[in-house]
Amino acid sequence: MSKERFQALEIRDRIAINYKYSLGGQSKFFIELKNNKRILGTKCTKCGKIWMPPRINCSECYTPAEWVEIKQTGVIMVSTIVWYTTSAFIKAIPYGVGFIKIDGADTALLQGIFSENLVPSKVKKGKRVKAVFLKEREGKMTDFFFVPEEEYESWINKPEYEGGS
Ligand SMILES: [Zn+2]
């Protein structure tokens, strides 16, 4: 057997796919995000736990949950800075991403964290952040992101962004 090192042939190509999918019971979250810049979580009707991201049924006691508006401020629980990403986010790198515990929620949401001066201290655990919304929203998770609280006014004054409800 040859000791020649195996080298796989790689062919670069592109795939374009048109598709649609239903957001089902989660639709209200995305509709409120798009139309009213509101961030909705759900509150368990039995144990009272507030889920963000929202759960239609409580993941702990399996009881139906009801929609509740939550705040647009929170605190970073854990984060990292993204340097490698898909084509959808390539123009944004580097950017932060982290689990954010929104004020009033009992669970944390994985979401983008942007900063005008992205250094680790801007996205570190314990940092206070606030939601900024795209003016042109489509009802997607990328319709909003978080910024350090001290940068909020600067971000919402940019032409493509605005503050929340
Ligand atoms: Zn529950």
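Residues numbered from 1 in each chain as written. Predicted model: local features only at pLDDT ≥ 70, side-chain atom pairs only at ≥ 80, totals over all residues. Heavy atoms only, no water.

Novice: Describe in detail the pairing of strand β4 (residues 73-82), supporting the description with residues and values.
Specialist: The pairing of β4 with strand β7 (residues 128-134) spans three bridges and is classified as antiparallel. Looking across to β7, one finds that V75 is bridged to R128. Pairing between β4 and strand β5 (residues 95-102): eight bridges, direction antiparallel. Across the sheet, the residue bridging to V75 is K101, located in β5. (Pairing = 2+ DSSP bridges. Helix = DSSP H or I, 4+ residues; strand = E, 2+ residues; numbered from the N terminus.)

Novice: Can you tell me about helix α1 (residues 27-36), naming the residues and giving the values?
Specialist: Buried within α1 we find F29, F30, E32 and L33. Each buried residue of α1 sits inside an arc of 165° when the element is viewed along its axis, so together they form one side. Buried residues belonging to α1 abut β1 (39-44), β3 (65-70), β7 and β8 (144-148). Two residues or fewer past α1, K37 is found with a positive phi of approximately 55°. (Buried < 20%, exposed > 50% of the residue type's maximum accessible area, 1.4 Å probe, protein only. Arc of directions from axis to C-beta. Contact = heavy atoms within 4.5 Å.)

Novice: Any details on the pattern of salt bridges? Residues and values, ideally.
Specialist: All chains considered together, the criterion is met by twelve salt bridges. Where K37 meets E162, a salt bridge forms, and the shortest distance between an N and an O atom there is 3.6 Å. Taken together, the residues K37 in the loop between α1 and β1 and E162 in strand β9 (residues 161-162) connect sequence positions 125 residues apart. For K37, a relative accessible area of 15% corresponds to the buried category. Taking the shortest distance from any N to any O, the salt bridge between E138 and K140 comes out at 3.9 Å. Put simply, K122, K127, E150 and E151 are held in one network by salt bridges that share partners. (Salt bridge = Lys/Arg side-chain N within 4 Å of Asp/Glu carboxyl O.)

Novice: Let's hear about the nonpolar core: which residues, and what values?
Specialist: F29, I39, M52, I70, I102, F144 and F146 are the most contacted members of the largest nonpolar core, which totals 21 residues. Taken together, the elements giving at least two residues each to this core come down to α1, β1, β3, β5, β6 (109-113), β7 and β8. Excluding residues that lie within four positions of it along the chain, I102 makes contacts with I39, M52, I70, K71, T73, G74, L109 and F146. Listed in part, the six residues of the second largest apolar core include V132, F145, V147 and Y152. (Core = buried A, V, L, I, M, F, W, Y, C linked by side-chain atoms within 4.5 Å.)

Novice: I'd love a proper account of the coordination of the zinc ion, names of residues and values included.
Specialist: Distances from the zinc ion to its protein donors, namely C44 (SG), C47 (SG), C58 (SG) and C61 (SG), fall within the range 2.2 to 2.4 Å. Each of the four donor atoms bound to the zinc ion contributes to angles spanning 97 to 126°, and the resulting shape is tetrahedral. Considered as a linear motif, the donors of the zinc ion on their single chain read C-x2-C-x10-C-x2-C. Residue C47 is found in the loop between β1 and β2 (50-51), and its partner C58 is found in the loop between β2 and β3; the two are separated by eleven residues along the sequence. Using a relative accessible area of 1% as the deciding quantity, one classes C58 as buried. (Donors = N, O, S within 2.8 Å, 3.2 Å for Na, K, Ca; no water. Tetrahedral: all angles 85-135°; square planar, octahedral: opposite > 155°, others 65-115°.)

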